[in-house]
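Residue strings, one per chain:
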Protein chains: 2
Amino acid sequence: MSHPHPELGPPPALPKDGLRIVALGGLGEIGRNMAVFEFDGRLLIVDCGVLFPDPEQPGVDLILPDFDYIRDRLDDVVACVLTHAHEDHIGAVPYLLRERPDIPLVGSRLTLGLVESKLAEHRMKPVRVEVAEGQRDRFGPFDLEFFAVNHSIPDALAVAIRTPAGLVLHTGDFKMDQLPMDGRLTDLAGFARLGAEGVDLLMSDSTNAEVPGFVTFERDIAPVIDEVFRAASKRIIVACFASHVHRVQQVLDAAEAHGRKVAFIGRSMVRNMGVARDLGYLRVPAGLLVDSREIEEWPPEEVVLICTGSQGEPMAALSRMANRDHPIRVTEGDTVLLASSLVPGNETAVNKVINGLTRWGAKVVHKGNALVHVSGHAAAGELLYVLNLTRPSNFMPIHGEWRHMRAHAKLAALTGVPEENIVIAEDGVVVDLVDGRARITGAVPCGYVYVDGTSVGDVTDVALKDRRILGDEGFVSIVIAIDSTTGKLLGGPEIHARGSGIAVEAFDEIIPQIEQALEEAAANAVTDSQQIRRVVKRTVGRWVNETFRRRPMIIPVVIEV
Amino acid sequence: MSHPHPELGPPPALPKDGLRIVALGGLGEIGRNMAVFEFDGRLLIVDCGVLFPDPEQPGVDLILPDFDYIRDRLDDVVACVLTHAHEDHIGAVPYLLRERPDIPLVGSRLTLGLVESKLAEHRMKPVRVEVAEGQRDRFGPFDLEFFAVNHSIPDALAVAIRTPAGLVLHTGDFKMDQLPMDGRLTDLAGFARLGAEGVDLLMSDSTNAEVPGFVTFERDIAPVIDEVFRAASKRIIVACFASHVHRVQQVLDAAEAHGRKVAFIGRSMVRNMGVARDLGYLRVPAGLLVDSREIEEWPPEEVVLICTGSQGEPMAALSRMANRDHPIRVTEGDTVLLASSLVPGNETAVNKVINGLTRWGAKVVHKGNALVHVSGHAAAGELLYVLNLTRPSNFMPIHGEWRHMRAHAKLAALTGVPEENIVIAEDGVVVDLVDGRARITGAVPCGYVYVDGTSVGDVTDVALKDRRILGDEGFVSIVIAIDSTTGKLLGGPEIHARGSGIAVEAFDEIIPQIEQALEEAAANAVTDSQQIRRVVKRTVGRWVNETFRRRPMIIPVVIEV
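Residues numbered from 1 in each chain as written. Chains lettered and ligands numbered in written order. Predicted model: local features only at pLDDT ≥ 70, side-chain atom pairs only at ≥ 80, totals over all residues. Heavy atoms only, no water.

Note the threshold: UniProt positions are given in the numbering used here, feature names are shortened, and annotations may be inferred rather than shown by experiment.
An unreviewed UniProt entry lists chain A under the name Ribonuclease J, from Thermopolyspora flexuosa. Under the heading Sequence similarities (unreviewed entry), UniProt records this for chain A: "Belongs to the metallo-beta-lactamase superfamily. RNA-metabolizing metallo-beta-lactamase-like family. Bacterial RNase J subfamily." Under the UniProt heading Subcellular location (unreviewed entry), the entry covering chain A gives this text: "Cytoplasm".

Structure follows, in structure tokens:
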């Protein structure tokens, strides 16, 4: 097994018959999945998702793949295949289309439906190429064949990519529910056929590679939901992902069985379920839905609210209910069902929501105390099936952090993939498939691109470092006005501090010291404002550190008059 | 069951024969445990711990209980009982003793030993009253009896508090390992005797009240550790809590059995294990320990490092190893054992450490993939034993968040405690035990007290709000110098922005607008610097929000010359 080394440089030219693969996201992280395939000068993109920020990236809304690698070659892009409509696979599409609006988006009916409704909010209308499992289409030199896979959103696809360099199978995200809600199984027969043909490289979802065994079936949640409904004497509030059509279907079915009305709450929930219903993926019994604004008119024991906020997002309905900052007031006897995963990083936020709801007397049912969620990603047992059926010559774990990719690589080795043909690559690492062997040949720059408000990429790592310092320590700013020719102090020092936790009066102590330092500087003929700034910064910084053991950002401002 | 309402006001005077209980921490949160008992004008404190900050409290080192409630009555305090030496029970002792240095600290031998070594770092020497299980002592009107309890640190105690108001049993933190490493069982016979005598109020540890069943025994980890040692071909690095003497003992035993030398790494680990060894709680075979500075001289397969950092603390040894920022370089084949819990809130940090170590090729064994940790807190099954043996007239769940306290209250009700005698109180809520009934009678102010650097309490919630804004959005400061009499612009506007993610050049656009706004203000005879500041703030704030959809802190500074 090989893995990247810091010394990796730019890759050599790609041989004529070689296929180059560069992931711009999704390798070494969970999110912003995007892989770029290159053959004979043409590019194929598979997925274009976002990553959600962690506490090290304060104030950031989204993180995009770095498009720099393809920016000068956008015209060479023949298509962007979207395996399914989760945000970590489609969220960056609006930003990609800003760079070239007519890149054809290739995906299943539901995937394109959800992407289109998202793009409509960005006032964009994409070029769409609808495909379905079993279909085979050519985009430039890339001969694509699509396979049904089962996931936590309907209509997901895997894609086989044939070029003269060989056959690559990219699974997208998948699991292998053998009794899926919609009867649409992951196409193991298709994978077996590819295996017989000869898979040169398998790229497979690693998210759950550390989890032994098999994922419980989605339908096994049904009796638990039923029991929750049976036991509930008042209002039922269900929070789940706004794209989990099958989970919502199960709640609708339970509501129908128990004679409760349903209201959707939350913009993305309303939007996505509208699309899913219109396209026939969600069955909504007549008369079941009511408008969320009318929900208070129904007796509590006759309603179900289905809302967003299952990850503790502070602005979503559920968090606001927990804080009594929402028109719907949770009270003693209400039941809240968190029918969702707990995405790593959101533990603290979700715990706060559970405590808040519990405090008001709600019974909270969640994956920690009942079987109300199953994962959308194949566990180790299922991953082994795919490895054994496709019998790939080369293997590359995708979609996972290091721990997941290493675990998946180990599974591949156990099934007989030679260790030297297992490639663990990070984002930006160049993998070339040449003469039937996949090898790391270099790396390209591939940083985080931050979206904050309306701007893309303006927030840099330097700005984030500033934010971390400001957020932990606050700042102290010292403003003085000097005569621009003599350097003589005309006004100030005036001190402004925010978030420093240093009491205003404490600064009285340092002002004479600053004045004295400025006098000494003047005596030494220091008139340059840059130097004066340095004197002020040193004086104040030293005092703050010695007196308070803190390191706020010290900002000296010298204004010349 | 009753729980506090926002309208709770100050409590009435305490009846002569009543016992008042006010928790200044630990109720509605995991941490800063501290309960104050009052009888006949005298006060008894049980525990005095710290809480560790969450992301909503950026830059804060520690959070203390609010001593305001007792500040004017420190002379009435007869003793501070420390049930065991975990930080969330003893961490605030140095700050309490700053207020009155001669408050007697009452605790077991190991507890006082660890507290003393901690206080020595603060250059304090406490008044100590060593007690042991089975002992009964009087402190003012409080007749205390101590009981052995088993926990994740040796020598923990529960305390029965007898006053004319009744008998209260405070369990401290405990579990009921029936085959404990040191043979020291939780004293159920003692609890049964109290039950026969009549427990008027049980205050019991709620941390694991949501967890069904029983906690696995500490000794069941031994074979897993042994297997890790057997399989390890290179260095073994074990991270665990610096106070978990029994866990460290198990690692020392395994090291001895497998012929490896041991080095302790991390200040608190070295200090605590020194105390535990000196007092006879840790058995260290002769010749086993080596100095951490010499560890590189031994072949990798002959050493074990025991270090801090199991919670992903960024400055601890383990995080630094994961980032290759430590003299000890983790490499392919090393084994890292995280023999610890994953404290809620630390998931992201620990995940980063696991990924970092995995990236360098280490095999990481943790509670997610092996039985290398057991909890220190009784699960529901064990809690039921205590409830059934003590048969309390009144019950008050302690040490937990709302979800845990509610779950524990439910267990109490199942064992027959009348619902109206179950009191769920938050920090600061006043519970009076009068005529054999525990009732909420009011609430006292009880905020967070933040420690940051050398200062205690200077960092306020306002400063933290500033930090959150600064950390998420950065700031934009606009400095101008004006003539103090005419209000005429003499210098500037000069713009400084940090963390805003707005490019420096972008500000060129706003400067003319500021100048224009100032001119208009001057035309309207606005010369007051306060008003001028407002004009500048509004102009810039509106521009930033409309142009960038951001809300950095806008700081106008007007300096008069």
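### Things to note about the overall build of chain A
Selection criterion: We count a stretch as a helix when DSSP gives it H or I for four or more residues in a row; a strand needs E for two or more, and each element gets its number in order from the N terminus. Burial classes follow relative accessibility: with a 1.4 Å probe on protein chains only, a residue under 20% of its type's maximum area counts as buried, one over 50% as exposed, and anything between as partly exposed. Surface accessibility follows the Shrake-Rupley procedure with a 1.4 Å probe radius. Residue values consider only the protein chains on display as shielding.
Looking only at helices and strands, one finds 15 helices and 25 strands in chain A. Counting the 561 residues in chain A, one finds 59% classified as buried. Of the roughly 21,600 Å² of accessible surface on chain A, 51% is carried by carbon and sulfur atoms.

### Remarks on the interface of chain B and chain A
Spelled out, the test is: For this analysis, residues touch if any pair of their heavy atoms sits within 4.5 Å. Defined in terms of a 1.4 Å probe, buried area is the accessible area two parts forfeit on being brought together, summed over both. By convention in these notes, a salt bridge is any Lys or Arg side-chain nitrogen within 4 Å of a carboxyl oxygen on Asp or Glu. A 3.5 Å cut-off defines polar contacts: any pair of N or O atoms within that distance qualifies, except that in protein one atom must be a possible hydrogen donor and the other a possible acceptor, and neighbouring residues in sequence count only when both atoms are side-chain atoms.
Between chain B and chain A, the residue contacts involve 64 residues of the former and 63 residues of the latter. When chain B packs against chain A, the two sides together hide about 5,300 Å² of surface, and 53% of this comes from carbon and sulfur. Together, R359, R403 and I559 of chain B form the three largest contributors to the area buried by chain B at its contact with chain A, with a combined 12%. In this assembly, chain B and chain A are joined by eight salt bridges. For R359 of chain B, the salt bridge goes to E426 of chain A, with nearest N and O atoms at 2.8 Å. At the surface where chain B touches chain A, the tally comes to 36 residue pairs in polar contact (both at pLDDT 80 or more). The leading source of residues in the side of chain B that touches chain A is helix α10 (residues 347–359) of chain B, at eight residues.

### Structural notes on the relation of the copies chain B and chain A
One chain copy maps onto the other through a rotation about an axis and a shift parallel to that axis. We count it as follows: Least squares is the method for superposing the copies, and the C-alpha atoms it fits come from residues with pLDDT of at least 70 in both.
Expressed as a screw operation, the relation of chain B to chain A combines 0.0 Å of axial shift with a rotation of 180°, fitting to an RMSD of 0.1 Å. Those values place the two copies in the arrangement expected of a two-fold rotation axis. It is G471 of chain B whose C-alpha, among those of chain B, lies nearest the rotation axis, at 1.9 Å. A shared binding surface is used by both copies, with 98% of the interface residues of chain B retained as interface residues in chain A.

### Here's the deal with the packing of helix α11 (residues 380–390) of chain A against helix α12 (residues 402–414) of chain A
All names here are of chain A. Stated precisely, the cut-off is as follows: Orientation is described by lines fitted to C-alpha atoms, with helices fitted over the stretch in contact, and by angles between N-to-C directions that extend from 0 to 180 degrees. Each angle receives one of four descriptions, namely roughly parallel if under 35 degrees, roughly antiparallel if over 145, roughly perpendicular if within 65 to 115, and oblique otherwise. The sense of a crossing depends on the near helix, which, turned anticlockwise from the far helix by less than a right angle, makes the crossing left-handed and, turned clockwise, makes it right-handed.
For the pair α11 and α12, the least separation of the axes is 10 Å and the interaxial angle reads 50°. Our classification of the angle between α11 and α12 gives oblique. Considering how the two elements wind past one another, α11 and α12 form a crossing that is right-handed. In this structure, α11 contributes A380, L383, L384 and L387 to the contact, and α12 contributes H408, L411 and A412.

### Structural notes on the sheet that holds strand β1 (residues 19–25) of chain B
Residues and elements named next belong to chain B. For clarity, the threshold we go by: DSSP-based pairing: two strands are paired if at least 2 bridges between them are found.
Here eight strands make up an open sheet; going across it, the order is β7-β6-β5-β3-β2-β1-β19-β20 and the pairing mixed. A strand with exactly one partner marks an edge of an open sheet, and here the two such strands are β7 (128–130) and β20 (437–443). Averaged over all adjacent pairs, the angle separating strand axes in this sheet is 25°, with direction ignored. Both strand β19 (residues 429–434) and β20 contribute to a ladder of six bridges, which runs antiparallel.

### Comments concerning the pattern of salt bridges
Residue and element names in this part refer to chain B. This structure, assessed with the given rule, holds 66 salt bridges over all chains. Salt-bridge contacts for K16 lead to D40; the nearest nitrogen and oxygen are separated by 2.9 Å. Separated by 24 residues along the polypeptide, K16 in the segment before β1 and D40 in the loop between β2 (34–39) and β3 (42–46) bring together distant segments of the chain. Residue classification places K16 among the exposed residues on the basis of a relative accessible area of 59%. According to the relative accessible area criterion, D40 is partly exposed, its value standing at 43%.

### So, unusual backbone geometry
The peptide bond linking G492 of chain A to P493 of chain A adopts the cis configuration, its omega dihedral lying at -5°. In this structure, P493 of chain A sits in strand β24 (residues 489–498). Even without being a glycine, D47 of chain B presents a positive backbone phi close to 70°. Inspection of the secondary structure puts D47 of chain B in the loop between β3 and β4 (62–64).

### A few points about the UniProt feature "binding site: Ca(2+)" (unreviewed entry) in chain A
Feature annotation in UniProt assigns "binding site: Ca(2+)" (unreviewed entry) to the following positions: G59, D61 and D452 of chain A. In terms of the greatest pairwise C-alpha distance, the residues named above, spread along 394 residues, form a tight cluster of at most 7.2 Å across. Take G59 of chain A: it is sitting in the loop between β3 (42–46) and β4 (62–64). Dropping the residues within four chain positions of it, G59 of chain A is found in contact with D452 and R467 of chain A together with D472 of chain B. Here D61 of chain A lies in the loop between β3 and β4. Once residues lying within four places of it in the same chain are set aside, the contact partners of D61 of chain A are F52, P53, V451, D452 and G453 of chain A.

### Looking at helix α6 (residues 222–231) of chain A
Residues and elements named next belong to chain A. Note the following rule: Read the arc as the range of directions from the helix axis to the C-beta atoms.
All of the buried residues in α6 are I225, V228 and F229. Mapping the buried residues of α6 onto a view down its axis gives an arc of 95°, with all of them on the same face. Seen from the buried face of α6, the exposed residues on the opposite side, beyond 90 degrees, are P223 and R230. Close packing links the buried residues of α6 with β13 (236–239), α7 (245–257), β15 (303–307), β16 (335–338) and β17 (363–365).

### Quick notes on the domain arrangement of chain A
Applied cut-off: The start and end points of each domain follow an automatic or database-based domain assignment.
On domain assignment, one finds that chain A holds domain 1 (19–213 + 375–446), domain 2 (218–365) and domain 3 (461–560). The distance between the C-alpha centroids of domain 1 of chain A and domain 3 of chain A comes to 52 Å.

### As for helix α13 (residues 461–473) of chain A
Because an α-helix packs 3.6 residues into every turn, residues spaced three or four apart end up facing the same way. Cut-off, in case you're wondering: Here the expected length of a helix is defined as 1.5 Å per residue gap, with one fewer gap than residues.
With 13 residues, α13 of chain A should cover 18 Å at 1.5 Å per step; its first-to-last C-alpha distance of 18 Å lies within 8% of that length. Regarding α13 of chain A, the residues found buried are A463, L464, D466, R467, L470, G471 and E473 of chain A. Where α13 of chain A is buried, its residues touch β21 (449–452), β23 (475–482) and β25 (553–560) of chain A together with α13 (461–473), β23 (475–482) and β24 (489–498) of chain B. Where α13 of chain A terminates, the next one or two residues include G474 of chain A, which has phi positive at roughly 70°.

### Notes on the UniProt feature "binding site: Zn(2+)" (unreviewed entry) in chain A
Residue and element names in this part refer to chain A. Under the UniProt annotation, "binding site: Zn(2+)" (unreviewed entry) lies at H84, H86, D88, H89, H151, D173 and H399. These annotated residues cover 316 residues of sequence, and their C-alpha atoms lie no more than 14.1 Å from one another, placing them together at a single site. Here H86 shows up in the loop between β5 (77–81) and α2 (87–90). Once you skip the residues sitting within four places of it in the chain, H86 turns out to touch G91, H151, S152, I153 and S243. Counting through the fold element by element, H89 comes out in helix α2. Apart from residues lying up to four places away in sequence, H89 is in contact with N33, D47, C48, G49, L82, T83, H84, D173 and H399. A polar side-chain atom of H89 sits 2.8 Å from a polar atom in the side chain of D47.

### Brief notes about the sheet that holds strand β14 (residues 261–265) of chain A
All names here are of chain A. What the five strands build is an open sheet, ordered β14-β15-β13-β16-β17; its pairing is parallel. The two strands at the open ends of the sheet, each matched to only one other strand, are β14 and β17. Adjacent strand axes in the sheet meet at a mean angle of 20° when their direction is disregarded. Pairing of β13 with β16, which is carried by four bridges, proceeds in the parallel orientation. Bridging across to β16, A239 finds its partner in L338.

### A word on the state of the cysteines
By definition, a disulfide links two cysteine residues through a covalent bond between their sulfur atoms. Residues and elements named next belong to chain B. The criterion, for reference: For this text, the term disulfide refers to a pair of cysteine sulfurs within 2.5 Å.
According to the stated counting rule, one finds zero disulfides over all chains in the structure shown. Between C307, a free cysteine, and C240, which holds the nearest cysteine sulfur, the sulfur-to-sulfur gap is 8.4 Å. Unpaired in terms of disulfides, C446 finds its nearest cysteine sulfur in C48, a separation of 12 Å.

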